[in-house]
Amino acid sequence: MVKRPYIVGNWKMNGTRAMLTEARAINRAAERLVKVEVALAPPFTLIQPICKEAGLIGVGAQDCHAAEGGAHTGDVSASMLKDAGAGFVIVGHSERRADHNESDADVKAKAEAALAAGLFTIVCVGETETERDAGQAEAVVARQLEGSLPHGANAPEKVTVAYEPVWAIGTGRTPTVDDVSAMHNAIRAKLGEVYGEDGAEIRILYGGSVKPDNAAELLRADNVGGALVGGASLSAESFVGIIVAAAEIAES
Ligand code: 13P
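Remember, predicted model here, so these are calculated numbers, not experimental data.

On a plain count of helices and strands, the chain comes out with 11 helices and eight strands. The globule rule puts the C-alpha radius of gyration for 252 residues at 18 Å, and the 17 Å found for the chain is close to it. Along the first, second and third principal axes, the C-alpha atoms of the chain reach 45 × 45 × 35 Å. Across the 252 residues of the chain, 50% fall into the buried class. A separation of at least 24 residues holds for 73% of the contacts in the chain among residues at least 6 apart in sequence. A total of about 11100 Å² of accessible surface is found on the chain, and carbon and sulfur atoms cover 49% of it. Distance between charge centres in the chain, computed from 23 positive and 34 negative side chains, equals 5 Å.

Written out as structure tokens, the structure reads:
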């Protein structure tokens, strides 16, 4: 566990302005639980209002286009996100890799566009159940990291990695703590290969069915610097439960 755990809520394609009540409640908890860095990645439509109403937490997007602008109907560039108030963007989430056929090269281009626009980025990786059953989990994740991590000046300072096993997302199933430790140690080693010494400082989040009642044990696994939370971030009650668990670990 790093000194200041990073707990990020990914709202996915959920949330209208009615959800601002939850964002405000999360913001109040963040004010109290200063040992934890808290952030939300709402849909694009809520970035500005959450920045306005929940000023103590980080606000980011769930995707960006790799290009700066142009004829890409329906897409949003990193600089537009920055202009809307976002501080970071998640790239390479498995739902985007699956739904939009995003390759590692696409993810890398998006991450580099984010950095060029002055955003931080959370690069997601994770194996499918078939890949894990075939004993390929670490090899798959290593390949994703090699292909997806951004390069360029100061990249390591702006990058967070999220390890999200695809089979753990939204299923209520999680890897064992030993499996999380093994994977996060392998990711740490790969970050050293890619970024040299700077790789040691990069935060590695775990994501996939993190809830208030399993957060503490997952956050205590080796090289886990925080959590990327889907379903349980949609209500302040459960998300704050996870933030509280992280704060308790940060204090101990
Ligand atoms: P769940 O927490 O709903 O499993 O989602 C995890 C996730 O995909 C976060 O990006």
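Before going further, it helps to spend a moment on the site of the ligand. Neighbouring residues of the ligand: 13 residues in total, closest K12, H93, G170, S209 and G231. Take N10: an N or O atom from its side chain is 3.0 Å from an oxygen atom of the ligand. Relative to its free-state accessible area of 310 Å², the ligand is covered by the protein chains to the extent of 97%. Across the shell around the ligand, the residue classes break down as four nonpolar, seven polar and two charged.

Time to look at the packing of aromatic side chains. Going through the model one piece at a time under the given rule, you end up with one aromatic pair. For the cation-ring pair, K158 lies above F120, with the distance from its terminal atom to the ring centre recorded as 4.7 Å. Directly above the ring of Y6 sits R203, whose terminal nitrogen or CZ lies 4.1 Å from the centroid.

Bringing helix α7 (residues 137-148) into the picture now. With 12 residues, α7 ought to run about 16 Å at 1.5 Å a step, and its terminal C-alpha atoms sit 16 Å apart, in line with that. The complete set of buried residues in α7 reads A137, V140, V141, Q144, L145 and S148. Along the long axis of α7, the arc covered by the buried residues comes to 135°, so they all point the same way.

Turning next to the sheet that holds strand β3 (residues 58-61). One closed barrel accounts for eight strands, arranged β1-β2-β3-β4-β5-β6-β7-β8; its pairing is parallel. Averaged over all pairs of adjacent strands, the angle between their axes in this sheet comes to 25°, without regard to strand direction. By the bridge criterion, five bridges tie strand β5 (residues 120-125) to strand β6 (residues 159-163) in an arrangement that is parallel. By the bridge assignment, V125 is partnered in β6 with Y163. Its contacts with the sheet put α7 on β5 and β6, and the angle it makes with β5 is roughly 150°.

This part takes up the pattern of salt bridges. Considering all chains together, one arrives at 13 salt bridges under this definition. The residue E193 makes a salt bridge to K190 at a minimum N-O spacing of 2.8 Å. With E193 and K190 both in helix α9 (residues 177-195), this residue pair falls three residues apart, about one helical turn. The class of K190 is buried, set by a relative accessible area of 9%. The network of salt bridges with shared partners includes D63, R96, E102 and K110.

Attention now goes to the side chain of T121. Assignment of secondary structure puts T121 in strand β5. A relative accessible area of 0% places T121 in the buried class. Engagement of the side chain of T121 in a polar contact is seen with the backbone oxygen of V89, the distance being 3.1 Å.

Tracing the sequence through the fold places A189 in helix α9. For A189, a relative accessible area of 46% gives the class partly exposed. The spatial distance from the C-alpha of A189 to the C-alpha of E217 is 22 Å, given a sequence separation of 28 residues.

A separate point is the confidence of the model for the chain. A residue-level look at the chain finds 98% of positions with pLDDT of 70 or above and a mean pLDDT of 97. Ranking the elements of the chain by mean pLDDT puts helix α11 (residues 236-251) last with 95 and strand β1 (residues 6-10) first with 99.

Rules used in this analysis
Residues numbered from 1 in each chain as written. Predicted model: local features only at pLDDT ≥ 70, side-chain atom pairs only at ≥ 80, totals over all residues. Heavy atoms only, no water. Helix = DSSP H or I, 4+ residues; strand = E, 2+ residues; numbered from the N terminus. Rg over C-alpha atoms; globule rule 2.2 N^0.38 Å. Buried < 20%, exposed > 50% of the residue type's maximum accessible area, 1.4 Å probe, protein only. Contact = heavy atoms within 4.5 Å. Areas by Shrake-Rupley, 256 points an atom, 1.4 Å probe, with all protein chains shown as cover. Lys, Arg positive; Asp, Glu negative; His and termini not counted. Charge placed at Lys NZ, Arg CZ, Asp CG, Glu CD. Near = heavy atom within 4 Å. Polar contact = N/O pair within 3.5 Å; in protein donor to acceptor, adjacent residues only side chain to side chain. Nonpolar A, V, L, I, M, F, W, Y, C, P; charged D, E, K, R; others polar. Phe/Tyr/Trp six-rings, centres within 6.5 Å; stacked < 30°, edge-to-face > 60°. Lys NZ or Arg CZ within 6 Å of the ring centre and 35° of its normal. Expected span 1.5 Å × (residues − 1). Arc of directions from axis to C-beta. Pairing = 2+ DSSP bridges. Axes fitted to C-alpha atoms, helices over the stretch in contact; angles between N-to-C directions. Salt bridge = Lys/Arg side-chain N within 4 Å of Asp/Glu carboxyl O. pLDDT = per-residue confidence, 0-100.

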